[in-house]
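One-letter residues, chain by chain:
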Amino acid sequence: MIVDPFVAHRSLLFTVAYEMLGSAADAEDVLQETWLRWADVDRSQVHDPRAYLVRAVTRQALNRIRTLSRRREDYVGEWLPEPLLTHPDVADDVELAESVSIAMLTVLETLGPTERAVFVLREVFDIPYEEVAEAVGKTPAAVRQIARRARSHIAARQSRVSVSRSEHKAVVARFVTALHTGRIQDLMEIMAPDVVFIADGGGQSGAALAPVHGAGLVATMLAGTDRAASRTTTVWLNGAPAIRIESDRGRAAVSIVVENGRITRIYATSNPQKLTRLDKPADLTR
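Residues numbered from 1 in each chain as written. Predicted model: local features only at pLDDT ≥ 70, side-chain atom pairs only at ≥ 80, totals over all residues. Heavy atoms only, no water.

## A few points about the pattern of salt bridges
Taken as a whole, this structure holds 21 salt bridges when the rule is applied. A salt bridge links Asp29 to Arg64; the shortest N-O distance between them is 3.2 Å. A residue pair is termed long-range when its members are at least 10 positions apart, and Asp29 in helix α3 (residues 24–39) and Arg64 in helix α4 (residues 49–72) qualify at 35 residues. Owing to a relative accessible area of 14%, Arg64 belongs among the buried residues under this scheme. Between Glu123 and Arg151 there is a salt bridge, and its shortest N-O distance comes to 2.6 Å. Of this pair, Glu123 sits in helix α7 (residues 113–124) while Arg151 sits in helix α9 (residues 140–155), and the two are 28 residues apart along the sequence. Sharing partners across several salt bridges, the network here consists of Asp26, Asp29, Glu33 and Arg64. (Salt bridge = Lys/Arg side-chain N within 4 Å of Asp/Glu carboxyl O. Helix = DSSP H or I, 4+ residues; strand = E, 2+ residues; numbered from the N terminus. Buried < 20%, exposed > 50% of the residue type's maximum accessible area, 1.4 Å probe, protein only.)

In structure tokens, the structure reads:
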């Protein structure tokens, strides 16, 4: 039986849209719009369905970014990407895991729409410059320049330290233990002195409206949470070990960045609209 190319490449298309938008809900909307257009296409004129669909998804995602930018201007507090429950084997593809990490998606938010599309298509999915140029409506030469600027921008803002999966898991386990004890000293020992805590409650849950800097302040804040009423489990989010917290007040997803055995960044999402993908693993692929 012949499988429709859209169905065959759906996981890839979702991954492209998600990396461009940082939102699974918006990525699904983009895929729906792409499917409607694909259904009307004369397939006999499409010589490379995968390339055609990637271009179509990219264009729809660029249109959606313009709408989202206006929406995010009114967002309450910090905006973080929507966390996704993922299979552990996503981490086997190191480049994919890095590209979908909350840390990377947060950095991608600092790029312009075209720069983000070029970086994702070229650096993550290794799509030829000529195809990227068609997707974003630029010349190949312009795309090469955009790609260089985007790489430089990303390199200046992302961690330069590569951490093994086992080390990341060990730090997450220590962090969970420290959260359970609630002792400030235990929390400070697992965090770098200049750690940054970023929370996204979207105005719908109790969350810091601005980043909290420094191990002392972050540890004091975390030690003050109600531990008795919460249940903490270790899960795989966005290709890395992370934490899911459940309580009577709601749930939260917590991802961390580790450097030299200590936590340098903590991303905590408690906006309920962004936590609908924590029960079923997302299919991400390159």
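## Some points on the pairing of strand β1 (residues 191–200)
The buried count for β1 comes to eight of ten residues, which makes it a mostly enclosed element. Pairing geometry for β1 and strand β6 (residues 262–269), over six bridges, is parallel. Looking across to β6, one finds that Ile198 is bridged to Tyr267. In terms of strand pairing, β1 meets strand β2 (residues 212–213) through two bridges, oriented antiparallel. Its bridge partner lying in β2, Val196 is registered against His213. (Pairing = 2+ DSSP bridges.)

## Brief notes about the pairing of β6
For β6, a buried count of six out of eight residues is recorded, marking the element as mostly surrounded by other parts of the structure. The sheet contact formed by strand β5 (residues 250–259) and β6 spans seven bridges and is antiparallel. Residue Ile256 lies in a different strand from β6, and its bridge partner there is Ile266. In sequence, β5 turns back onto β6 through a hairpin of two residues, with Asn260 there showing a positive phi of about 55°.

## Some words on the nonpolar core
Counting 52 residues, the largest nonpolar core has Phe14, Met20 and Leu108 as its most contacted members. Of all the elements in the fold, those that place two or more residues in this core are α2 (10–21), α3, α4, α5 (94–100), α6 (102–108), α7, α8 (129–136) and α9. Top contributing element to this core by residue count: α2, with eight residues. Not counting the four nearest positions on each side in its chain, Leu108 is found in contact with Glu19, Arg116, Phe119, Val120 and Ile154. (Core = buried A, V, L, I, M, F, W, Y, C linked by side-chain atoms within 4.5 Å. Contact = heavy atoms within 4.5 Å.)

## Considering the environment of Phe119
Along the chain, Phe119 falls in helix α7. Along the sequence, Phe119 and Val132 sit 13 residues apart, while their C-alpha atoms lie 9.5 Å from each other. Here Phe119 is in contact with Leu108, Leu111, Val124, Ala150, Arg151 and Ile154, once residues within four sequence places are set aside.

Geometric values such as these leave the question of function open.
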